[in-house]
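Each chain is listed here by its residues.
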Amino acid sequence: MTLEDLFAIIQTRKAADPHSSWTAQLLAKGPEKCAEKFGEEAIEAIIEAVKGDRAALTSEAADVLYHLLVMLAARDVDFADVLTELERRQSQSGLAEKANRP
Ligand SMILES: N=c1c2ncn([C@@H]3O[C@H](COP(=O)(O)OP(=O)(O)OP(=O)(O)O)[C@@H](O)[C@H]3O)c2ncn1[C@@H]1O[C@H](COP(=O)(O)O)[C@@H](O)[C@H]1O
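Computed from a predicted model, the values in this text were never measured in an experiment.

Peer 1: Looking at this structure, how should I read unusual backbone geometry?
Peer 2: For residues that are not glycine, phi is negative in most cases, and the peptide bond is trans in most cases. Positive phi is not limited to glycine here, since Asp76 has a value of about 55°. Overall, Asp76 belongs to the exposed group, its relative accessible area being 63%.

Peer 1: Explain the environment of Arg13 to me, please; I cannot follow it from the model alone.
Peer 2: Relative to the elements of secondary structure, Arg13 occurs in the loop between helix 1 (3–12) and helix 2 (22–28). For Arg13, a relative accessible area of 31% gives the class partly exposed. In the structure, Arg13 is positioned 11 residues away from Ala24 in sequence and 4.9 Å away in space, judged by C-alpha atoms. In this structure, Arg13 is in contact with Ser21, Thr23, Ala24 and Leu27, ignoring residues within four places of it in sequence. Side chain to side chain, Arg13 and Thr12 meet in a polar contact 3.3 Å long.

Peer 1: For this particular structure, what's the right way to read the packing of helix 1 against helix 4 (residues 54–74)?
Peer 2: Working note: a packed helix pair is described by the angle between its axes plus the distance between those axes. Across the interface, helix 1 lies against helix 4 with an axial gap of 10 Å and an inter-helix angle of 50°. Classed by the angle they form, the pair helix 1 and helix 4 counts as oblique. The chirality of how helix 1 crosses helix 4 is right-handed. Contacts between helix 1 and helix 4 involve Leu3, Leu6, Phe7, Ile10 and Gln11 from the first element and Leu65, Tyr66, Leu69, Val70, Leu72 and Ala73 from the second. Partitioned by chemical class, the residues of the contact of helix 1 with helix 4 number 10 nonpolar, one polar and no charged.

Peer 1: Looking at this model, I keep getting lost on the site of the ligand. Mind explaining?
Peer 2: Around the ligand sit Met1, Leu6, Ile9, Arg13, Ser21, Trp22, Thr23, Lys37, Glu41, Asp63, Tyr66 and His67, and that is every residue in its neighbourhood. Measuring from an oxygen atom of the ligand, one finds a side-chain N or O atom of Ser21 at 2.4 Å. In isolation the ligand offers 830 Å² of accessible surface; the protein chains occlude 52% of this area. For the shell around the ligand, the elements supplying multiple residues, two or more each, are helix 1, helix 2, helix 3 (31–51) and helix 4. No other element matches the three residues that helix 4 contributes to the shell around the ligand. Of the residues belonging to the shell around the ligand, the class tally is five nonpolar, three polar and four charged.

Peer 1: Even after reading the chapter, I still don't get the packing of helix 3 against helix 4, so can you show me in this structure?
Peer 2: It is the contact of helix 3 with helix 4, at a shortest axis distance of 8 Å, that shows an interaxial angle of 160°. Classified by the angle between their axes, helix 3 and helix 4 sit roughly antiparallel to one another. Helix 4 is crossed by helix 3, and the crossing has left-handed handedness. On helix 4, the residues touching Pro31, Cys34, Ala35, Lys37, Phe38, Glu41, Ala42, Glu44, Ala45, Glu48 and Ala49 of helix 3 are Ala56, Leu57, Glu60, Asp63, Val64, His67, Leu68, Val70, Met71 and Ala74. For the contact of helix 3 with helix 4, the per-class residue count stands at 14 nonpolar, one polar and six charged.

Calculation rules
Residues numbered from 1 in each chain as written. Predicted model: local features only at pLDDT ≥ 70, side-chain atom pairs only at ≥ 80, totals over all residues. Heavy atoms only, no water. Buried < 20%, exposed > 50% of the residue type's maximum accessible area, 1.4 Å probe, protein only. Helix = DSSP H or I, 4+ residues; strand = E, 2+ residues; numbered from the N terminus. Contact = heavy atoms within 4.5 Å. Polar contact = N/O pair within 3.5 Å; in protein donor to acceptor, adjacent residues only side chain to side chain. Axes fitted to C-alpha atoms, helices over the stretch in contact; angles between N-to-C directions. Parallel < 35°, antiparallel > 145°, perpendicular 65-115°, else oblique. Left-handed = near helix turned anticlockwise from the far one by under 90°. Nonpolar A, V, L, I, M, F, W, Y, C, P; charged D, E, K, R; others polar. Near = heavy atom within 4 Å. Areas by Shrake-Rupley, 256 points an atom, 1.4 Å probe, with all protein chains shown as cover.

Printed below as a string of structure tokens:
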């Protein structure tokens with residue numbers, strides 16, 4: 001499954017019954033809660049990265065990606081636009097991008 005597929009599933013959960021879906025339950029709590037959850041998962045991933053536990057980091061990274069997509073959906077940001085932004089950046093190095101920032 002691609003991240004685009006997962007984002008499409010998450011989008012369908014906006015209209016789903018919260019009793020039937022974890023994603024629907026989380027979205028029903030609002031964008032602030034979704035953002036908080038993303039932050040928690042990111043911190044858990046940071047902890048595993050610092051510890052150097054690769055198996056735990058793999059699992060936490062999956063949680064981070066899922067919760068990033070839920071946060072985007074909660075604020076009606078299309079994941080396709082995020083990918084387009086990444087594509088745009090492919091044409092220049094990170095150092096050049098940083099130098100060109102306003
Ligand atoms: N990838 C995920 C995914 N990753 C994590 N989670 C859920 O995210 C929740 C948060 O994990 P936590 O460890 O923080 O658990 P918690 O219950 O919030 O606990 P607290 O820390 O808040 O006490 C868990 O209930 C996980 O099951 C996910 N839930 C769903 N998906 C995907 O989303 C799709 C749609 O899911 P549903 O909407 O539930 O059908 C699924 O098919 C999956 O592909």
